[in-house]
Amino acid sequence: MTEGAIYSIINLSYSYIPGTMALQNLSFDVDAGTALCLLGPNGAGKSTLLQVLAGLRPEYLGSIYFMGEEIRDILKSREKTYDFRKKVQILFQDPDIQLFSITVEKDIAYGLEHLSNDRETINKAINEVLKELGIEELRNRHPYTLSGGEKRIASLATVLALRPEVLLLDEPTSELDLKFKEKVLRILKSLKEKGKTLIIATHDLRILKSLCSKVALLNRTIKALGAPREVLSNKELLISNDLEPYDLRECSLSSKQ
Ligand SMILES: Nc1ncnc2c1ncn2[C@@H]1O[C@H](COP(=O)(O)OP(=O)(O)OP(=O)(O)O)[C@@H](O)[C@H]1O
Ligand SMILES: [Mg+2]
């Protein structure tokens, strides 16, 4: 475990079905304030890893220390679990898991109500996040009536509203148009500048190139972990893990805003 690590992962394995491993013997640290991207083909274990790091799948093998304490020990204590959940938030790959109320506003309020009893504070946080993402018009919509991209951005609002220290984001920009992609990227960059820790499963070259401090190529095991340019320029490694090679000259951030 290195000093400054917010997560220390040692020999982590995870299995859903006996005899098959979704994650196998992962060992690495995540430094506080870093942005780590998880890249990998379908079924590589990216979502599983994020859910394990969020404390949602404690039946893992090996050890995971969060700020020096084993996640399973944190989950044994009510106070520590509350504190952990306040610090660590996950954006699920499937927005329908995140959105279960009758309006977007109520979904955003749901988490906030666990942090505060003050209606004014909650309303202020809701207003702020809707404005920040530019989705004020979605406030009173039923989540089931939203488009795919609108669902993604609304579910991101439920996470951002809680102002967590650690954001575990599963494909935060998939299905988003260019305007929302760039908006989300700007918000994530500003969170990184504020010292938040970001762990992001993504194939989005913009995020990989201009936000991430490190990229982990995951395919059940860690196949590579290093600077984005180093991992993304290894075409053979990408192809052998069923990933399309990137053109790193592509997508300089062109924003009309
Ligand atoms: N609830 C579950 N029960 C059984 N197997 C599961 C379950 N969830 C995931 N798996 C399996 O675990 C493996 C890893 O899945 P995971 O969702 O973590 O991959 P992923 O890298 O996020 O893939 P994708 O890019 O498609 O989102 C896959 O083989 C998947 O079929
Ligand atoms: Mg996934």
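Scroll up a little and you will see the structure.
Computed from a predicted structure; not experimentally measured.

Asks: Hey, could you go over the overall build of the chain for me, with residue numbers and the actual values?
Replies: Across its full length, the chain holds 11 helices and 10 strands. Relative to the globule expectation of 18 Å for 257 residues, the C-alpha radius of gyration of the chain, 18 Å, shows essentially globular dimensions. Structurally, the chain occupies a C-alpha span of about 50 × 50 × 35 Å along its principal axes. Between the averaged position of the 35 positive side-chain charges in the chain and that of its 35 negative side-chain charges there is a distance of 2 Å.

Asks: Describe the sheet that holds strand β4 (residues 61-66), listing the residues and the values that go with them.
Replies: What holds strands together in a sheet is hydrogen bonding between their backbones, with the strands either parallel or antiparallel. Pairing is antiparallel in the open sheet, where 4 strands are placed in the order β2-β1-β4-β5. Either end of the sheet is taken by a strand with one partner, and the two such strands are β2 (23-31) and β5 (69-70). Pairing of β4 with β5, which is carried by 2 bridges, proceeds in the antiparallel orientation. The partner of Phe66 across the bridge, within β5, is Glu69.

Asks: I'd like a rundown of the pairing of strand β9 (residues 214-219), residues and numbers included.
Replies: As defined by bridge partners, strand β3 (residues 35-39) adjoins β9 across 4 bridges and the pair is classed as parallel. Its bridge partner being in β9, Leu38 is matched across the sheet by Ala216. Of the pairings in the sheet, the one linking β9 to strand β10 (residues 221-226) comprises 5 bridges and is antiparallel in character. Looking at β10, one finds that Leu217 is bridged to Ala224.

Asks: Requested: an account of the site of ligand 1, with residues and values cited.
Replies: As a structural note, the neighbourhood of ligand 1 is formed by Tyr16, Ala22, Pro41, Asn42, Gly43, Ala44, Gly45, Lys46, Ser47, Thr48, Gln93 and Arg220. Contact between ligand 1 and Ala44: an oxygen atom at 3.1 Å from a main-chain N or O atom of the residue. Gly45 places a polar main-chain atom, nitrogen or oxygen, 3.0 Å from an oxygen atom of ligand 1. Here ligand 1 loses 63% of its free accessible area of 630 Å² to cover by the protein chains. A class-by-class count of the residues in the shell around ligand 1 yields 4 nonpolar, 6 polar and 2 charged.

Analysis parameters
- Residues numbered from 1 in each chain as written.
- Chains lettered and ligands numbered in written order.
- Predicted model: local features only at pLDDT ≥ 70, side-chain atom pairs only at ≥ 80, totals over all residues.
- Heavy atoms only, no water.
- Helix = DSSP H or I, 4+ residues; strand = E, 2+ residues; numbered from the N terminus.
- Rg over C-alpha atoms; globule rule 2.2 N^0.38 Å.
- Lys, Arg positive; Asp, Glu negative; His and termini not counted.
- Charge placed at Lys NZ, Arg CZ, Asp CG, Glu CD.
- Pairing = 2+ DSSP bridges.
- Near = heavy atom within 4 Å.
- Polar contact = N/O pair within 3.5 Å; in protein donor to acceptor, adjacent residues only side chain to side chain.
- Areas by Shrake-Rupley, 256 points an atom, 1.4 Å probe, with all protein chains shown as cover.
- Nonpolar A, V, L, I, M, F, W, Y, C, P; charged D, E, K, R; others polar.

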